[in-house]
Structure formats: C-alpha cells, structure tokens
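# What the coordinates show
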Amino acid sequence: MSIRLVITGGGTGGHLFPGIAVADEALARYPGSEVLFIGTGREIDRRALATKPYRQATLTGSGLKGISWRGRLASLARLPVGFGQAVSLLRNFRPDLVLGVGGYVTGPVLLAARMLGVTSCIHEQNSVPGLANRLLGRFVDRIFLSLPDRGNFFPAAKTRLVGNPLRRELVAAARQDEVRREVPGLLVLGGSQGAHRVNLLMQEAAGLLAAEGLEFAIMHQTGERDYAMISAGYRQAGLKARSAAFIGDMGAEYRRADLVISRAGATTLAELALFGKASLLIPYPHAADDHQRLNAEIMVGQGAARLLPEKELSAGELAGQIKELLRDEAAREMMGQKARALARPDAAAAIISESLACRGRKPEESS
C-alpha cells in the first residue's frame with residue numbers, strides 16, 4: 001500500500017517539525033508513498049526541508065498576526081490567490097490525505113481540500129488553539145491534539161489526543177544512552193527563532209554561577225539575531241559554552257544535557273518528555289492566548305518542570321534555580337522521570353493510522 005499525502009504548514013519550528021515527523025513516518029511505513037509539503041518558504045522551512053525527499057510548494061500569502069491594519073488588508077487581499085493556487089496543487093497531486101500543522105498557508109489548502117472532497121485533518125500543538133484552527137475544526141474530518149483541549153474548542157466526536165509528532169531521528173536518539181560528562185550540562189533553548197530576553201538572562205546568570213565557582217557546560221541555541229552577541233559574551237567571560245543560531249542535531253544535545261532552560265512551545269515540551277529531561281520553563285509572555293504558559297502548566301502540574309514567568313524573572317533568580325537543580329541530582333532525576341511519563345513517541349504513527357481509518361481505508365503495514 002502507498003499513499004499520497006499533503007502536509008501544509010510551517011514558518012516556525014513548532015509548526016514545521018511535527019509536519020516533517022508525520023511525512024517521514026508515512027514514507028517509512030508505506031514505501032512508494034509520495035508527500036507534497038506546502039510551506040511558507042521562510043528560511044526555517046527551506047533549511048529543514050532541504051534534504052527531504054518531498055515535493056515542495058509555497059503559496060502566495062502572509063500571516064495576519066503582529067502586523068498593521070494595512071498589512072492585514074493586503075494579506076486578506078492575497079487569500080483568493082493562495083486559495084486558487086492550493087486548488088491547483090491538490091488537483092495536480094491528487095492526495096489521499098491533507099494534514100494541516102499550523103501557519104498561514106494551512107487555511108487555503110484545507111479549504112481547497114474540503115471543496116475537492118479530500119479527507120483533511122489538522123494537528124493542534126498547543127493547549128489553546130489559534131483562531132484559524134478553531135475555524136478549520138468545523139470543516140476537517142479529524143482533529144489531532146498534542147495537549148488536552150482545556151477549553152472544549154473542538155467537537156469531541158472527531159478529536160483525538162495523540163501527542164506531538166517528533167522526528168524519527170529524535171525518537172531513535174532518545175533510545176540511546178545519555179552522554180556523561182565531567183561537569184553538568186545546561187541546554188538553553190529559545191525556540192527556532194531564538195528568545196532575546198532568555199538569551200540575556202541566561203548569559204548574566206551563567207556569569208553569576210561561574211563567579212560562585214559552580215562548574216558546568218552550556219549549549220545555547222540563540223537564534224540568528226543574538227548569535228554573535230551571546231557567543232562573544234561567553235568568550236569574554238571565559239565560560240565553557242557552545243552556542244549556535246540553530247541546532248541541527250537536537251538529539252545529541254538532549255543526551256548531553258542534565259538540565260534544560262527553555263521557552264514552552266509544544267514541540268519543545270514533547271522533546272523534553274521524550275528524553276526525560278528536567279527543565280526550567282520561561283514561557284513567551286506574548287504568545288497568543290498565553291498558550292505557552294498554559295502548555296508549561298501541564299508539565300509543572302505533573303512535577304516534570306518548574307515555571308519561571310519572564311516578567312518577574314531576574315538573572316539572580318534564574319541562577320539560583322539552576323544552582324539548586326544542578327546540585328540536586330535526585331530532584332533532577334525525579335523531574336525527568338515524570339517528564340518521560342508524559343511522552344507519546346508514537347504520535348506520528350497514530351495520526352497516519354487515524355487519518356487513513358477516517359478516510360475509510362484500513363491502514364496495513366507494508367511488507
């Protein structure tokens with residue numbers, strides 16, 4: 001059996017990587033299948049998809065959030081063009097399934113799938129869905145959730161809680177032994193775009209810890225904008241630190257880490273659970289509907305993480321939290337175990353199976 005799958009979404013790692021995970025799972029489970037990835041064309045999309053064996057396309061359009069009213073009007077004016085392009089792409093590709101994973105391109109593609117009678121699904125990564133997914137939930141055949149639907153935003157009859165799909169290479173890396181080092185390892189993540197405030201707080205906190213004589217090693221994903229500044233700051237302070245604008249091999253870095261300091265995007269939380277890592281979570285305070293805080297509260301409520309609101313957070317408090325956990329291996333281990341209990345490594349496979357069943361085709365493993 002082979003399938004023809006369209007994945008649509010992107011623009012951020014939180015949208016992009018779950019889509020890649022499902023696409024890779026489909027190709028692995030059903031040899032001979034074909035995937036068309038309809039993305040945003042942004043740099044993160046181009047970088048992550050560069051080596052993938054998918055057909056790729058982009059649509060005319062842009063997002064509606066965080067722009068002026070004139071920009072929104074221009075974006076709305078481009079929607080009919082994007083919809084027409086989506087209809088053409090789907091007619092030419094003739095997919096069995098269309099899965100939307102978030103980003104401004106998903107709306108036109110899923111509406112085109114609805115018009116053409118193609119089975120369509122969405123995956124919502126966060127605890128509170130954005131407006132687009134709330135609207136699309138009325139039209140699609142199945143809705144997949146990473147986290148519980150705390151606000152009953154979607155019809156229960158077609159909603160499935162499956163977790164956040166993670167890339168096959170991460171799932172494989174999580175099965176390997178952790179990398180032990182002479183000093184504890186800190187992994188600092190601001191998300192695929194970086195996080196300026198987290199970067200500054202971490203750099204200052206690291207200096208405070210080093211001044212107290214605490215030994216540790218840092219791997220810091222800074223984002224493009226802050227890479228030069230943060231790298232230079234660590235060098236000038238004489239700290240054991242590596243930094244990168246974007247980490248390619250996340251599995252290796254998770255295996256090296258004893259503690260993770262991070263934003264609270266849904267993909268990162270799923271990765272923390274998969275690798276069973278203790279974490280200090282600093283939610284992005286301006287996320288839509290405060291969804292990062294709500295995401296983090298699920299981990300915190302299970303004892304898997306600590307929540308540090310950015311607005312009240314100082315470098316001194318961050319340094320204190322890091323020092324406490326680096327010195328208490330038992331506490332880190334307990335947090336890691338509780339994080340691992342939340343892992344759903346089979347999320348991508350579950351999405352494919354449920355989608356095919358929804359379409360009326362019983363999924364069978366290829367021999």
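All values reported here derive from a predicted model rather than from experimental measurement. (Residues numbered from 1 in each chain as written. Predicted model: local features only at pLDDT ≥ 70, side-chain atom pairs only at ≥ 80, totals over all residues. Heavy atoms only, no water.)

Another point: the overall build of the chain. Secondary structure summary: the chain contains 14 helices and 13 strands in total. For 367 residues, the compact-globule estimate of 2.2 N^0.38 gives 21 Å, and the chain sits close to it at 21 Å. The dimensions of the chain, computed from C-alpha atoms along their principal axes, are 65 × 50 × 40 Å. Classification of the 367 residues of the chain by burial places 53% in the buried group. (Helix = DSSP H or I, 4+ residues; strand = E, 2+ residues; numbered from the N terminus. Rg over C-alpha atoms; globule rule 2.2 N^0.38 Å. Buried < 20%, exposed > 50% of the residue type's maximum accessible area, 1.4 Å probe, protein only.)

Here the chain shows a mean pLDDT of 89. Residues at 70 or above account for 91%. Every residue in residues 362-367 scores below 50 in pLDDT, and together they form 13 contacts with partners more than four places removed in sequence or on other chains. (pLDDT = per-residue confidence, 0-100. Contact = heavy atoms within 4.5 Å.)

Within this structure, the stated rule accounts for 3 cavities of 30 Å³ or more. There is about 70 Å³ of room inside the largest cavity. Along its surface, the largest cavity is lined by I3, L5, V22, A26, L97, V98, L99, C121, I351, I352 and S355. Residue assignment for the lining of the largest cavity shows that the elements contributing at least two residues are α1 (13-29), β4 (97-100) and α14 (347-359). (1 Å grid on protein atoms, 1.4 Å probe; cavity = no way out; pocket = protein on both sides within 12 Å on 5 of 7 lines; lining within 4 Å. Points joined across faces, edges and corners; volume = space filled by probe spheres on them.)

With 12 residues, helix α12 (residues 315-326) ought to run about 16 Å at 1.5 Å a step, and its terminal C-alpha atoms sit 16 Å apart, in line with that. All of the buried residues in α12 are A315, L318, A319, Q321, I322, L325 and L326. Within α12, the buried residues cover an arc of 160 degrees as seen down the axis, which keeps them to one side. Elements in contact with the buried residues of α12: β8 (185-189), α7 (196-211), β11 (259-262), β12 (279-281), β13 (305-307) and α13 (329-340). (Expected span 1.5 Å × (residues − 1). Arc of directions from axis to C-beta.)

Further remarks concern the side chain of T267. With respect to the helices and strands, the residue T267 is situated in helix α10 (residues 266-275). For T267, the contacting residues outside a window of four places in its chain are G13, G14, P18, N164 and L166.

Moving on, we come to the packing of aromatic side chains. Applying the stated rule across the entire model yields 3 aromatic pairs. Each ring, one from F37 and one from Y54, has its centre 6.0 Å from the other, and the planes form 15 degrees; the classification is stacked. Highlighted residues: F37 in strand β2 (residues 34-39) and Y54 in the loop between α2 (43-49) and β3 (55-58), separated in sequence by 17 residues. By relative accessible area, which is 7% here, Y54 ends up buried. (Phe/Tyr/Trp six-rings, centres within 6.5 Å; stacked < 30°, edge-to-face > 60°.)

The next subject is the sheet that holds β3. Strand order in the open sheet made by the 7 strands is β3-β2-β1-β4-β5-β6-β7, with parallel pairing throughout. Of all the strands in the sheet, the pair left with one neighbour each is β3 and β7 (159-161). The average angle at which neighbouring strand axes cross in this sheet is 20 degrees, direction not considered. Across 4 bridges, strand β1 (residues 4-8) lies against β4 in parallel orientation. Among the inter-strand pairings, L5 is bridged to a residue of β4, identified as L97. (Pairing = 2+ DSSP bridges. Axes fitted to C-alpha atoms, helices over the stretch in contact; angles between N-to-C directions.)

Structurally, A270 is set in helix α10. For A270, a relative accessible area of 16% translates into the label buried. In contact with A270, other than residues within four places in its own chain, are N164 and L166.

Bringing the pattern of salt bridges into the picture now. Inspection of the entire model under this criterion finds 20 salt bridges. Measuring nitrogen to oxygen at the nearest pair gives 2.9 Å for the salt bridge that ties R4 to E34. Of this pair, R4 sits in strand β1 while E34 is found in strand β2, placing the two residues 30 residues apart along the sequence. We note a salt bridge from K52 to D24, for which the minimum N-O separation is 2.8 Å. You can see K52 sitting in the loop between α2 and β3 and its partner D24 sitting in helix α1, a full 28 residues away along the chain. According to the relative accessible area criterion, D24 is buried, its value standing at 13%. Put simply, E43, R46, R47 and E224 are held in one network by salt bridges that share partners. (Salt bridge = Lys/Arg side-chain N within 4 Å of Asp/Glu carboxyl O.)

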